[in-house]
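Descriptive analysis of the structure
If you want the building blocks of each chain, they are given just below.
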Amino acid sequence: MEKVVFLAWILALSVWTTPVHSKYYSGSRPYEPVQEKKTQLRFYVHDILSGNKPSAVQIAGPNTTKKEDGPTPFGTTFAIDDLLTEGPEITSKVVGNARGIYVSSSQDKDYTLVLYIDLGFTTGKFKGSSLSVFSRNPITENPRELAVVGGRGRFRLARGFVLVKTYSLNITNGDAVLEYTVEVVHP
């Protein structure tokens, strides 16, 4: 026991007497504005709820016993991995994917979702870049506007909006094709 106490004292004294050689780094420089560009994109999102390989799956739902009205009761949460294509047909050239989550956020007949998605591009000029969308999505409005709040790659520091139009909707199974027209400003 005496050895343990002695070693603890030596350790405490060595830590106390050891000089600190690292310092906190902080540096500031004047802001130099960069030339920004405006980019416009148009593509189609395929949100598939049916079939053997859906691209949107429910991961949580409300814990209620009452009958819920509407396609997505309040609190229903979906994870998505939707294809982005050049045209509205599922056979069109794939340009990326929309990955994220949406939550049914209205308790009335407005059918509003809160949407977080990352629009990742896998081909072309913006391959490896993505746009971050975090916005309220009133799905009964056509068109509707979503906020672009950031991005990565060539879209780093992006800001802008997405106009969403429902191209087609199967009310039986919930499958939808959405036209996204994006306008963003970025360095």
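In what follows, the accompanying structure is described. These figures come from a predicted structure and were not determined experimentally. (Residues numbered from 1 in each chain as written. Predicted model: local features only at pLDDT ≥ 70, side-chain atom pairs only at ≥ 80, totals over all residues. Heavy atoms only, no water.)

For T77, the location among the structural elements is in strand β3 (residues 77–85). Filtering out sequence-adjacent residues up to four positions away, T77 remains in contact with V57, Q58, I59, A60, I101, Y102 and V103. For T77, the side chain forms a polar contact with the main-chain oxygen of G75, separated by 3.3 Å. (Helix = DSSP H or I, 4+ residues; strand = E, 2+ residues; numbered from the N terminus. Contact = heavy atoms within 4.5 Å. Polar contact = N/O pair within 3.5 Å; in protein donor to acceptor, adjacent residues only side chain to side chain.)

On to the nonpolar core. By size, the foremost hydrophobic cluster in this structure holds 29 residues, and its most contacted members are F43, L119, F121, L131 and Y180. Among the elements of the structure, β1 (37–47), β3, β4 (94–104), β5 (112–121), β6 (130–138), β7 (144–152), β8 (159–169) and β9 (176–186) are those that each provide at least two residues to this core. Filtering out sequence-adjacent residues up to four positions away, F121 remains in contact with L41, F43, L84, V95, G96, F126, K127, G128, S129, S130, L131 and F155. (Core = buried A, V, L, I, M, F, W, Y, C linked by side-chain atoms within 4.5 Å. Buried < 20%, exposed > 50% of the residue type's maximum accessible area, 1.4 Å probe, protein only.)

Looking now at unusual backbone geometry. With omega at 5 degrees, the peptide bond leading from N142 into P143 counts as cis. Tracing the backbone through its elements, the reader meets P143 in the loop between β6 and β7. The backbone of L157 sits at a positive phi, close to 65 degrees, despite the residue not being glycine. Within the secondary structure, L157 sits in the loop between β7 and β8. For L157, a relative accessible area of 62% puts it in the exposed group.

Evaluation of the coordinates by the stated rule reveals four salt bridges. In this structure, K38 and E183 form a salt bridge, with 3.6 Å as the shortest nitrogen-oxygen distance. Here the residue K38 occupies a position in strand β1, and E183 occupies one in strand β9, the gap between them amounting to 145 residues. With a relative accessible area of 55%, K38 lands in the exposed category. Assessed through its relative accessible area of 22%, E183 is described here as partly exposed. We note a salt bridge from D81 to R99, for which the minimum N-O separation is 3.0 Å. Remark: R99 occurs in strand β4 and D81 occurs in strand β3; sequence separation between them is 18 residues. On the accessibility criterion, D81 (37% relative accessible area) is partly exposed. (Salt bridge = Lys/Arg side-chain N within 4 Å of Asp/Glu carboxyl O.)

Relative to β7, β6 runs antiparallel, the two being bridged by four bridges. The partner of V133 across the bridge, within β7, is V148. The turn joining β6 and β7, which pair antiparallel and follow one another in sequence, is formed by five residues. Relative to β8, β7 is paired through five bridges, and the arrangement is antiparallel. (Pairing = 2+ DSSP bridges.)

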